[in-house]
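What follows is each chain in one-letter form.
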Amino acid sequence: MGQPSFQASNAIIYVTYGAFLILGTALAWKMRNQPKADFLSGNRTQSALPLALNFIAAAMGSGILFSYPELATLAGLQGVIVYALASALPLMIFAILGPIIRRKCPEGFVLTEWVKQRYGIVTSLYLSALTLLTLFLYMVSELSAIGQVVTALTGLDGLPVIIVECVVTTIYTSLGGFRISFITDNIQGAMIVALIIIATITVGAKTEIKPELIESSGLLDASLIGWQLVYILPVAVLTNDFFLSNFWLRTFASKTDKDLWIGVTAAMIVILITLTLVGCTGLIAAWSGAYDPSVDDDGSVAFFLLLEQLPSWVVGIVLVMTIALSTAAFDSLQSAMVSSMSNDLFRNRLNIWWIRGGVVLIIVPVIVLALKAPSILQIYLISDLLSAATIPVLMLGLSDRFYWWRGFEVLVGGLGGIFTVFIYGAIYYDDAQSGGELILLEQGLYTGDWGAFGAFVAAPVGGILWGFGALALRLAFQFVSAKVAGRRFDALDRPLVAAHRGDWDDETAPVSADQDHVAINTKITGKFF
């Protein structure tokens, strides 16, 4: 039997948490008097290797032990490869866009700071709400995952483990902020890599594959869901990464653009390999007979069924690895929420202890929801659909060619994209209630129909269409207003100062040019409208 004894399980779990508590608290105590700016961010302080380890630790939580093997049992090898690529490759967007956004907003440390500069406070608050909601959902999913993992591996109640993890991470992140999260992630990231190598070798050496099950399983064949995921997952993961301020904090923390490129590239490669290996455990479970799809309905437990056939010391290694994964991910989310709340909602004017207290209070409903969360993957999907509707219209403003794009278009486009999903679902299922349920993706990705695929097409496409419709409406209103007031229509004039300096402050009156490139003095009436 692969399950450790009751005493051994408790010892492994709480000794690991105790070690992280002592390490994190000791390091945080040394920096307890650090400036507030250093507590919230670490701009231009980190080299390539720490960045790589941090991206590794922040990108992978314990939920990967459920979602990736589950997808393998449903979409086979094709699904494993697509999911791993779709999860790892989008990290490169931080290496690509990070330097651009940092040049436009050198004092910022999260994406919402650039959004406020570019689109104004209304759009910034809209993105901030989505960012905080995403962080909240990820915190729920992480606690839900660690609770389920501990129960599956040891048979213990997951609630005490969830509470202990929250207490441990809250103590040292409250003392040290972003900096302590960054330091502990270096150690946890290195641990994760080492333990995954050990676990991979052990699973490969101790598991017996039954050749007759390989062909009969059909997991090497292409499938409809496998082909659908080629589109769904890149869109979902890429756009959702923009909402994760723990990634943006690490992007802005890079010393140079070169460090950022090297760090993100190294992390991407390690994450790609790791997720592929984790996903393949679902295949191995099916091919070894540990997971039987005719008997076991839930493919998310495939990894744990496989471990039942292995020695208990292997489960012990996996348990330590899981706690390191979860603690690293959760403290990153906590520090990101503190930084985002302080910057986005209070402009860094509120005493940091009030922000810390707010995050502690938020953890209470996080724990409650984590205990009731039925599916880790569904939690991710809700956030993914929101980001798929919002990010395309938001990022148009990153190009100077779209200088006329305003926050009004972003807000209407984002909300319109979600409404488009409802319209599509109501038409596809011929039922308004089913259209509403599609927004929450209650049936997940594996329905066997085109519902989820259509939702991830409708969200970005609908967002763009609604955005341009809002643009046309805004320009028409401004044109009529200009004619009625007897003044020149200047809504499409290019603000030269803004184009050259990246300064979109409402209170400035930049020089603009008309269609003949003649400079004229005009005031931008607002970034939102």
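Residues numbered from 1 in each chain as written. Predicted model: local features only at pLDDT ≥ 70, side-chain atom pairs only at ≥ 80, totals over all residues. Heavy atoms only, no water.

Here's the deal with the nonpolar core
A general feature of soluble globular proteins is that nonpolar side chains tend to end up buried together.
Here is step 1: Core analysis: the biggest nonpolar cluster contains 154 residues, and I101, L111, W114, L229, L394, M395 and F456 have the highest contact counts within it.
Here is step 2: If near-sequence neighbours (up to four positions away) are discounted, I101 is found in contact with L111, W114, W248, F252, M395 and L398. (Core = buried A, V, L, I, M, F, W, Y, C linked by side-chain atoms within 4.5 Å. Buried < 20%, exposed > 50% of the residue type's maximum accessible area, 1.4 Å probe, protein only. Contact = heavy atoms within 4.5 Å.)

Thoughts on empty space enclosed by the protein
Here is step 1: If you walk through the whole model with that rule in mind, you get 5 cavities of 30 Å³ or more.
Here is step 2: Here the largest cavity defines a volume of roughly 510 Å³.
Here is step 3: As for the largest cavity, its lining consists of 30 residues, and the residues nearest its centre are A59, Y68, S87, Y138 and Y380.
Here is step 4: Secondary-structure elements contributing two or more residues to the lining of the largest cavity are α3 (48–59), α4 (64–88), α7 (121–154), α10 (224–241), α11 (245–252), α12 (257–288), α14 (312–346) and α16 (376–395).
Here is step 5: The class makeup of the residues in the lining of the largest cavity is 20 nonpolar, 7 polar and 3 charged.
Here is step 6: Viewed by domain, the lining of the largest cavity spans two of them, domain 1 (6–372) and domain 2 (376–489), each represented by three or more residues.
Here is step 7: F39, T170, T173, S174, G177, F178, Q334, S335, V338, R356, V359 and V360 together form the lining of the second largest cavity.
Here is step 8: Mapped by element, the contributors of at least two residues to the lining of the second largest cavity are α8 (158–206), α14 and α15 (352–372).
Here is step 9: Ranked by the residues each element gives to the lining of the second largest cavity, the list is headed by α8, at 5 residues. (1 Å grid on protein atoms, 1.4 Å probe; cavity = no way out; pocket = protein on both sides within 12 Å on 5 of 7 lines; lining within 4 Å. Points joined across faces, edges and corners; volume = space filled by probe spheres on them. Helix = DSSP H or I, 4+ residues; strand = E, 2+ residues; numbered from the N terminus. Nonpolar A, V, L, I, M, F, W, Y, C, P; charged D, E, K, R; others polar. Domains from an automatic or database assignment.)

Some points on the packing of aromatic side chains
Here is step 1: All told, the structure shown has 21 aromatic pairs when counted by the stated rule.
Here is step 2: Their ring planes at 85° and their centres at 6.0 Å tell us that F408 and F528 sit as a pair that is edge-to-face. Highlighted residues: F408 in helix α17 (residues 407–429) and F528 in the segment after β3 (519–521), separated in sequence by 120 residues.
Here is step 3: Given the relative accessible area of 25%, F528 is considered partly exposed.
Here is step 4: Consider the rings of F419 and W466, whose centres lie 6.0 Å apart with planes at 80°: the pair is edge-to-face. Within this pair, whereas F419 is found in helix α17, its partner W466 is found in helix α19 (residues 451–485), the two being separated by 47 residues in sequence.
Here is step 5: A relative accessible area of 41% means that F419 is categorised as partly exposed. (Phe/Tyr/Trp six-rings, centres within 6.5 Å; stacked < 30°, edge-to-face > 60°.)

Side note on the domain arrangement of the protein chain
Here is step 1: Domain annotation of the protein chain identifies domain 1 (6–372) and domain 2 (376–489).
Here is step 2: Relative placement of domain 1 and domain 2: their C-alpha centres are 28 Å apart.
Here is step 3: Residue-level contacts link 42 residues of domain 1 with 38 residues of domain 2.
Here is step 4: The contact between domain 1 and domain 2 buries some 3,300 Å² in all, and 73% of this surface belongs to carbon and sulfur atoms.
Here is step 5: Taken as a group, Y119, Y126 and Y231 account for 18% of the area that domain 1 buries against domain 2, more than any other trio of residues on that side.
Here is step 6: For the interface between domain 1 and domain 2, the tally reads 1 salt bridge.
Here is step 7: Between D400 and K104 there is a salt bridge, with its nearest N and O atoms 3.4 Å apart.
Here is step 8: Here the residues of the side of domain 1 that touches domain 2 are counted per class, giving 29 nonpolar, 10 polar and 3 charged. (Buried area = accessible area lost by both parts, 1.4 Å probe. Salt bridge = Lys/Arg side-chain N within 4 Å of Asp/Glu carboxyl O.)

So, the environment of L65
Here is step 1: Looking at the secondary structure, you find L65 in helix α4.
Here is step 2: On the accessibility criterion, L65 (1% relative accessible area) is buried.
Here is step 3: With 236 residues separating them in the primary sequence, L65 and V301 have C-alpha atoms 8.4 Å apart.
Here is step 4: Apart from the residues lying within four places of it in its own chain, the contact partners of L65 are V149, V278, S300, F303, F304, M321 and T322.

As for the environment of T420
Here is step 1: Here T420 lies in helix α17.
Here is step 2: In this structure, the C-alpha to C-alpha distance between T420 and N240, residues 180 residues apart in sequence, is 18 Å.
Here is step 3: T420 has contacts with A458, G462 and W466, leaving out every residue within four places of it along the chain.

Details of the packing of α8 against α12
Here is step 1: Put simply, α8 and α12 touch, their axes get as near as 11 Å, and they point 30° apart. Taken together, α8 and α12 sit at an angle that is classed as roughly parallel. Crossing handedness for the pair α8 and α12: left-handed. Facing α8, whose interface residues are V193, I196, T200 and V203, α12 presents V270, T274, L277 and I284.
Here is step 2: For the contact of α8 with α12, the class distribution of residues is 6 nonpolar, 2 polar and no charged. (Axes fitted to C-alpha atoms, helices over the stretch in contact; angles between N-to-C directions. Parallel < 35°, antiparallel > 145°, perpendicular 65-115°, else oblique. Left-handed = near helix turned anticlockwise from the far one by under 90°.)

Looking at the pattern of salt bridges
Here is step 1: A full pass over the atoms with the stated rule returns 5 salt bridges.
Here is step 2: E409 serves as the salt-bridge partner of R474, at 2.9 Å between the closest nitrogen and oxygen. Taken as a pair, R474 in helix α19 and E409 in helix α17 lie far apart in primary sequence, 65 residues in all.

Examining the packing of α10 against α19
Here is step 1: Direction vectors running N to C along α10 and α19 enclose 45°, while the axes themselves pass 10 Å from each other. Between α10 and α19, the interaxial angle falls into the category oblique. Crossing angle aside, the handedness with which α10 passes α19 is left-handed. In this structure, α10 uses Q228, Y231, I232, V235 and A236 to contact α19, whose residues at the interface are A452, F453, F456, V457 and P460.
Here is step 2: Residues of the contact of α10 with α19, tallied by class, amount to 9 nonpolar, 1 polar and no charged.

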